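Listed below, chain by chain, are the residues.
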2 protein chains.
Amino acid sequence: MEVDILIKNAYIVTMNSESSIYEFGTLAILGNTIVAIGKSEDIEYFTSSNEIDAMGSLVMPGLINAHTHAAMSIYKGMADDLNLHEWLHKYIFPAEAKFCNADTVSTGSQLAIMEMIRFGTTCFADMYYFQEKTAEICFLLGMRAVLGQAILDFPAPDFKSSNDALLHTEMLMQKYNNSQLVTIVPGPHSPYTCNKETLIQSRQLANKYNVPLHIHISETMLEYEESIKNNEKTPIEYCDDLDLFNGKTIAAHCVYINDNDRSILKNKKVGVVNNAISNMKLCSGVAPVYFMKEAGVTVGIGTDGVVSNNTLDIFEEMKTVAMVHKLNTNDPTALNAKTVVEMATIENAKILGLDSQIGSLEVGKKADLILINLNQPHLIPLYNIYSHIVYAIKGGDVDTVIINGEIVMLNKTVQYSEALDVAIDAQLIANEVKEYMETVNAS
Amino acid sequence: MEVDILIKNAYIVTMNSESSIYEFGTLAILGNTIVAIGKSEDIEYFTSSNEIDAMGSLVMPGLINAHTHAAMSIYKGMADDLNLHEWLHKYIFPAEAKFCNADTVSTGSQLAIMEMIRFGTTCFADMYYFQEKTAEICFLLGMRAVLGQAILDFPAPDFKSSNDALLHTEMLMQKYNNSQLVTIVPGPHSPYTCNKETLIQSRQLANKYNVPLHIHISETMLEYEESIKNNEKTPIEYCDDLDLFNGKTIAAHCVYINDNDRSILKNKKVGVVNNAISNMKLCSGVAPVYFMKEAGVTVGIGTDGVVSNNTLDIFEEMKTVAMVHKLNTNDPTALNAKTVVEMATIENAKILGLDSQIGSLEVGKKADLILINLNQPHLIPLYNIYSHIVYAIKGGDVDTVIINGEIVMLNKTVQYSEALDVAIDAQLIANEVKEYMETVNAS
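Definitions and cut-offs
- Residues numbered from 1 in each chain as written.
- Chains lettered and ligands numbered in written order.
- Predicted model: local features only at pLDDT ≥ 70, side-chain atom pairs only at ≥ 80, totals over all residues.
- Heavy atoms only, no water.
- Pairing = 2+ DSSP bridges.
- Helix = DSSP H or I, 4+ residues; strand = E, 2+ residues; numbered from the N terminus.
- Axes fitted to C-alpha atoms, helices over the stretch in contact; angles between N-to-C directions.
- Contact = heavy atoms within 4.5 Å.
- Buried area = accessible area lost by both parts, 1.4 Å probe.
- Salt bridge = Lys/Arg side-chain N within 4 Å of Asp/Glu carboxyl O.
- Polar contact = N/O pair within 3.5 Å; in protein donor to acceptor, adjacent residues only side chain to side chain.
- Nonpolar A, V, L, I, M, F, W, Y, C, P; charged D, E, K, R; others polar.
- pLDDT = per-residue confidence, 0-100.
- Domains from an automatic or database assignment.
- Expected span 1.5 Å × (residues − 1).
- Buried < 20%, exposed > 50% of the residue type's maximum accessible area, 1.4 Å probe, protein only.
- Arc of directions from axis to C-beta.
- Core = buried A, V, L, I, M, F, W, Y, C linked by side-chain atoms within 4.5 Å.

1. Thoughts on the sheet that holds strand β7 (residues 121-128) of chain B
All names here are of chain B. If you walk across this open sheet you meet the four strands as β6-β7-β8-β9, and the pairing is parallel. Edge strands, defined here as strands with exactly one partner in the open sheet, are β6 (63-68) and β9 (182-188). With direction set aside, neighbouring strand axes in the sheet form an average angle of 15°. For β6 and β7, the ladder comprises four bridges, and the chain directions are parallel. Bridged to L63 within β7 is T121.

In structure tokens, the structure reads:
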């Protein structure tokens, strides 16, 4: 049988429910779908004009970034090593108020999506403004994404009211309803920036189209304490009382969580996204990931935006997740390598509501996968492939990326990006931002 | 004037005492020495048949890894996510007892040094056995190193007694006394594995040749508590009472440190090496790096060996250092990006006793430097070069590495490595180790 892409002799890590690994494996892709996977000796009945001999290479599911703000890439390195209040009020908010528009979102998302592909991410969950621009870039570069259109109760760069944002969100949801790559979802920013009505309407909209809702919850101690003070409830309890978790939820952060919160997150099947680097860099704290997982909560991994990271590299994030939660529990066996790889693949797919399509390499799933040459000094020798993936492989080691059956990066070169002359645009924007920040913060 | 290498139009970060940066800079190398550095427009009187147009590239001092065990690379990923006791007694010690010999040290050091060069490290401080083999590899690949010959009071893979180890160390020190690249130093393993006499003799030997002594101190809570119990002194106080700090000292870890220890470290000018990833991964704890630095202690950065990391990437280590000490102090302004770059360059050079030669780009210093293309999506735009170095640049971004005036990596290809067929050797060793470990730990 002739297939579109045939990968042979690869070291295949499937991340399926049996944790199957094929040390000399074959994977066949027809259209956007995996049609065969297994030991090379068992799969000999396929041919392809596009055959990849992957001897010495790891083939694994593409990584998923379950929480980011792609378009913020234009602010990369603008404001580091600052107190949260200064960072937010002197830099992030003023910069966005002045510079966030359809054009800068397009530029920022180009940078971000090229970076994500370069480092082996094949799907991301976003929350930001002007998502129609980010969607365009996804189509251009062949990226899969769940794009949360930001919804706030105060004037945002794209819409002056939550009502307008909700209407626009539904329009985008309809527009991209049949898209292979892009899912638009409501992104109510947080329980403290959206009122009850906005939160409830966002949930109704998500459920109408059977997609997740993407929200930040309980990121900082301040948010947690203010919620107790104002609502006599934790942020999680407050949301639960509004029935906000009655459907799929991508809940970013969840750093401050009590026992009852944990039960709610588990019982309502909320998908929690840990952003370990961002939480460390801003001193938000360490989310109780190990304890949430022990309690049966689904927990995944995200990078957050570059302004608090400053990169979109899920390999780096996996290593940090494995380390910081060991430190936090004082248990070096906590979050072992395989568990962390699950979080960045199949668990993240569950959180995005896409686990029937992606997150593992299985017949019938979409062909979202990456190839990595293991024959490099820093990856020699090989004892345990999961240890290598979490602790030794770097994002930059990814050679080839396939999304939805399309080769979007080949031999470290992102395809379809020739037309984008993003570097100069981005630096010009940055120069303006820098000058403006200096003026604003001097006065 | 004709020079050997002329780098033009580079974005040069010098790390000199004035923190000079030349956005369009020229750097001239004659022999192994930097003979000119400054704005390109000010330096027009040099020519070279080896001219590098570095437009769009960062040029900075090569990174220094101030504590590692290079040869352990053959055990990369052998034993992760384990309790310290199990890790050490069921894996590391048995593996070394059975497999550590001159050949495996040679293989491991080849892997390690190729990896370090690949990720922009131009000098490292090592502690291990059979240092004559690691020295050979340094010469072969053009790497600079301060090699601590391990000295212990119990039988080690190379020597049965500390006396034999000390004699061998002095022989190696004499042999390499005039080497441009390699300095041999005594490496008494720790205050709990060496008796007083061994520690004192190691110090005398170091001072005789005016080189540092390389030792582990106060890595774990257990070590700290045992020292108090057995000696009524902290490990630092115990060493100080032996006058062990009377000379240059590379002190790895120093995780458990009281106020008096901090004063000792400052007053005796002990160079402390933080190994943030290793300390997190093994749950050793978080060294009080911020507080030591505030007290005036010189603190640098190391990766430790791959068995507790599992990589030798100082870029990754810098980002982790910046993050974990923010978290530990609950202060996002702690250890800002520039401070962390200083730690990995000029501060590390001081700790190794080499700051008159390396650690910054200045006329008269040795030409140890790296080039990195900044024109990549994840490094665009540029606001702050120090933020980029710590938070966004990856080891794998390093394109070209110059050590002692020699180009040892060009366009991501490590030179002089063609002769090394290390991959197969390393995997064969690993297969034996794995089989042996399974037998040993099954019984």
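2. Brief notes about the interface of chain B and chain A
Each partner contributes residues to the interface: chain B has 60 residues there, and chain A has 60 residues. Both faces combined, the contact of chain B with chain A buries some 4900 Å², and carbon together with sulfur accounts for 64% of it. Residues K394 of chain A and D313 of chain B are paired through a salt bridge, measuring 3.2 Å at the closest nitrogen-oxygen approach. Scanning the region where chain B abuts chain A turns up 30 residue pairs in polar contact (both at pLDDT 80 or more). Elements represented by at least two residues in the side of chain B that touches chain A include exactly α2 (102-118), α9 (276-281), α11 (314-329), α13 (385-392) and α14 (422-442) of chain B. Per element, the largest residue contribution to the side of chain B that touches chain A is seven residues, and it comes from α11 of chain B. Classifying every residue of the side of chain B that touches chain A by side-chain character gives 31 nonpolar, 17 polar and twelve charged.

3. A look at the side chain of S20 of chain B
The residue S20 of chain B is located in the loop between β1 (5-13) and β2 (21-30) in this model. Not counting chain neighbours up to four residues away, the residues in contact with S20 of chain B comprise I12, V13, T14 and M15 of chain B.

4. Remarks on the environment of E23 of chain A
Residues and elements named next belong to chain A. Along the chain, E23 falls in strand β2 (residues 21-30). Between the C-alpha atom of E23 and that of Q174, which follows or precedes it by 151 residues, the distance is 43 Å. Once you skip the residues sitting within four places of it in the chain, E23 turns out to touch A10 and Y11.

5. Brief notes about the confidence of the model for chain A
Of the residues in chain A, 99% have a pLDDT of 70 or more, and the chain-wide mean is 96. Reported confidences for the modelled complex are a pTM of 0.98 and an ipTM of 0.97.

6. Quick word on the domain arrangement of chain A
Residue and element names in this part refer to chain A. Segmentation of chain A into domains returns domain 1 (5-61 + 357-412) and domain 2 (63-351). Here the C-alpha centre of domain 2 lies 28 Å away from the C-alpha centre of domain 1. With both sides pooled, the region where domain 1 packs onto domain 2 buries about 2400 Å², and carbon together with sulfur makes up 67% of that total. Linking domain 1 with domain 2 are one salt bridge, by the criterion used here.

7. Let's talk about helix α5 (residues 196-208) of chain B
Residue and element names in this part refer to chain B. With 13 residues, α5 extends 18 Å between its outermost C-alpha atoms, agreeing within 8% with the 18 Å of an ideal straight helix rising 1.5 Å per residue. T198, L199, S202, R203, L205 and A206 are the residues of α5 that are buried. Mapping the buried residues of α5 onto a view down its axis gives an arc of 165°, with all of them on the same face. Every exposed residue of α5 that faces more than 90 degrees away from the buried side is listed here: Q204 and K208. For α5, the N-terminal capping position is held by N195, with its side-chain oxygen 3.1 Å away from the main-chain nitrogen of E197. Of the residues flanking the end of α5, it is N210, one or two places downstream, whose phi is positive at about 55°.

8. A closer look at the nonpolar core
One finds Y75 and M318 of chain A together with Y75 and M318 of chain B to be the most contacted residues of the largest nonpolar core, which totals 282 residues. Those residues in contact with M318 of chain A that lie beyond four places of it in its chain are L63, I301, V340, V341, A344, I389 and V390 of chain A.

9. Focus: helix α3 (residues 131-141) of chain B
Count 3.6 residues to each turn of an α-helix, and residues three or four apart come out pointing the same way. All names here are of chain B. Counting buried positions along α3 gives eight out of eleven residues, so the element sits mostly inside the fold. Regarding α3, the residues found buried are Q131, E132, K133, T134, A135, I137, C138 and L141. Count one or two residues on from α3 and you reach G142, which has phi positive near 80°.

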